[in-house]
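The chain contents come next:
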Amino acid sequence: RAKEGGRNSFQFFTQEMQNRLDARMALEQGLHRALQRDEFVLHFQPQVDLRSGRIVGMEALVRWQSPELGLVPPMQFIPVAEESNLINAIGQWVLNKACATLRGWLDAGVPVVPIAVNVAASQFSDQEMDELVRSTLERHRVAPELLELELTESLSMVDPEASIALMHRLKATGIGMSIDDFGTGYSNLSYLKRFPVDKLKIDQSFTRGLTSNPEDRSIVTAVIRMAHSLGLRAIAEGVETDGQLRLLAAEGCDEIQGYYFSRPVPEQAMLAMLERGMGMDIAPLARSVQRR
Ligand code: C2E
Ligand code: MG
Ligand code: MG
Ligand code: MG
């Protein structure tokens, strides 16, 4: 009996493993097809300057518009894409689409702002990344100032010197660079000071606790101060409430991104925001800063 039970649990285990493998294989094949059939789409989320109240940038966020599964969020396929080497092809698609979108808006006379594109760590180990950026910008005749790459702290861990050299070559193309999810990675400050980046993006986990958790508030304040003393801008991600916004303004945060101003939206909706010159009334913010 004991033997039988042991055998059954062994079979159960392998069946579960098999199911997981099957699901992963199906997802991988789905992503291959998605690339062939051009099923990815970009949504855009505005980034707002807290001194002017104007939209000064937007982040491109990829989604998979699957005929079978509907709109699939990136957290459900980016990790698999990273493990299966599909991330480079998807990353290239995203970069190309972002530049093509800018070109379309420029041709239509839309007052555009820079687009920030997420870069996966494995994409960054491709030493030709700077060539790819340069040729993509040229292909669409887009000025490098209109492109920003969002890097994560972890990308420098495999080969820090090679990563820093690549960052400098990217910087030389004229694009902007930021560190995404700042504070959640390895935060190796001796590397940070050597990164030729322009911006720190404060991770949304810190923004979330801003008004309720004194530790989160201390961290946010410290990151803003550190960014400024290194000559960088600070942007807070995941801003959802008026209270968070006021605290960030009071602490001198430069920009915000989050549902408070807008969720990520499809291309047409982002275009409408830019055309209308949509922004935020900062008068109440200025008053709350003065009161301090
Ligand atoms: P991220 O780069 O940190 O992007 C911010 C994420 O936070 C987005 O999720 C965005 O929709 C969400 N967000 C923005 N404001 C708020 C808010 O106020 N509250 C809350 N709760 N969430 C907010 P999304 O679009 O699902 O993307 C998740 C992650 O997937 C991204 O995190 C990024 O790491 C990755 N990702 C997205 N697009 C790409 C891409 O083109 N390439 C790569 N490599 N990764 C991507
Ligand atoms: Mg990002
Ligand atoms: Mg982030
Ligand atoms: Mg993230």
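Conventions we followed
- Residues numbered from 1 in each chain as written.
- Chains lettered and ligands numbered in written order.
- Predicted model: local features only at pLDDT ≥ 70, side-chain atom pairs only at ≥ 80, totals over all residues.
- Heavy atoms only, no water.
- Donors = N, O, S within 2.8 Å, 3.2 Å for Na, K, Ca; no water.
- Helix = DSSP H or I, 4+ residues; strand = E, 2+ residues; numbered from the N terminus.
- Phe/Tyr/Trp six-rings, centres within 6.5 Å; stacked < 30°, edge-to-face > 60°.
- Buried < 20%, exposed > 50% of the residue type's maximum accessible area, 1.4 Å probe, protein only.
- Contact = heavy atoms within 4.5 Å.
- Near = heavy atom within 4 Å.
- Polar contact = N/O pair within 3.5 Å; in protein donor to acceptor, adjacent residues only side chain to side chain.
- Areas by Shrake-Rupley, 256 points an atom, 1.4 Å probe, with all protein chains shown as cover.
- Nonpolar A, V, L, I, M, F, W, Y, C, P; charged D, E, K, R; others polar.
- Core = buried A, V, L, I, M, F, W, Y, C linked by side-chain atoms within 4.5 Å.
- Salt bridge = Lys/Arg side-chain N within 4 Å of Asp/Glu carboxyl O.

Engineer: Any details on the coordination of the magnesium ion (ligand 3)? Residues and values, ideally.
Structural biologist: Every protein donor of the magnesium ion (ligand 3) is accounted for by D180 (OD), D181 (OD), E237 (OE) and E237 (OE), and the metal-donor separations fall at 2.0 to 2.3 Å. Sequence positions of the donors to the magnesium ion (ligand 3) reduce to the motif D-D-x55-E. Between the magnesium ion (ligand 3) and the magnesium ion (ligand 2), a separation of 4.1 Å is found, and both are coordinated by D180. Taken as a pair, D181 in strand β6 (residues 176-182) and E237 in the loop between β8 (233-236) and α10 (242-250) lie far apart in primary sequence, 56 residues in all.

Engineer: Any details on the packing of aromatic side chains? Residues and values, ideally.
Structural biologist: Tallied over the entire structure, the rule returns 4 aromatic pairs. Considering the side-chain rings of F40 and F77, the 5.6 Å spacing of their centres and the 40° angle between planes classify their relative orientation as tilted. Pair noted here: F40 is in strand β1 (residues 40-49) and F77 is in the loop between β3 (70-72) and α2 (78-83), with a separation of 37 residues, a long-range link. Seen from their ring centres, F40 and W93 are 6.0 Å apart, and the 50° between their planes marks the pair as tilted.

Engineer: Lay out the side chain of S178 with the relevant residues and their values.
Structural biologist: Among the secondary structure elements, S178 is positioned in strand β6. For S178, a relative accessible area of 0% puts it in the buried group. Contacts of S178, omitting those with residues within four sequence positions, involve E148, L149, E150, L151, V197, K199 and K201.

Engineer: Explain the site of ligand 1 residue by residue, including any values.
Structural biologist: Taken together, 22 residues are adjacent to ligand 1, and R63, D180, Q204, E240 and Y259 come closest. For ligand 1, an oxygen atom lies 2.7 Å from a polar atom in the side chain of Q204. A distance of 3.3 Å separates an oxygen atom of ligand 1 from a polar side-chain atom of E237. Against a free-state accessible area of 790 Å², the protein chains account for coverage of 84% of ligand 1. The biggest single contributor to the shell around ligand 1 is strand β2 (residues 55-66), with 4 residues. Taken together, the residues of the shell around ligand 1 break down into 10 nonpolar, 5 polar and 7 charged.

Engineer: How would you summarise the nonpolar core if you had to cite specific residues and measurements?
Structural biologist: Grouped together as the largest cluster of nonpolar side chains are 85 residues, with contacts concentrated most on L149 and L248. With 9 residues, the top contributor of residues to this core is helix α3 (residues 87-107). The contact partners of L149, leaving out residues within four places of it in the chain, are L95, V117, V119, M129, V133, L170, I175, G176, M177 and S178.

Engineer: Account for the pattern of salt bridges, naming residues and giving values.
Structural biologist: Per the counting criterion, the structure on display carries 20 salt bridges. E83 is the partner of R24 in a salt bridge, and the nearest nitrogen-oxygen pair spans 2.3 Å. Here E83 lies in helix α2 and R24 lies in helix α1 (residues 2-37), a separation of 59 residues in the sequence. Residue class for R24 comes out partly exposed when judged on its relative accessible area of 27%. We classify E83 as exposed; its relative accessible area is 56%.

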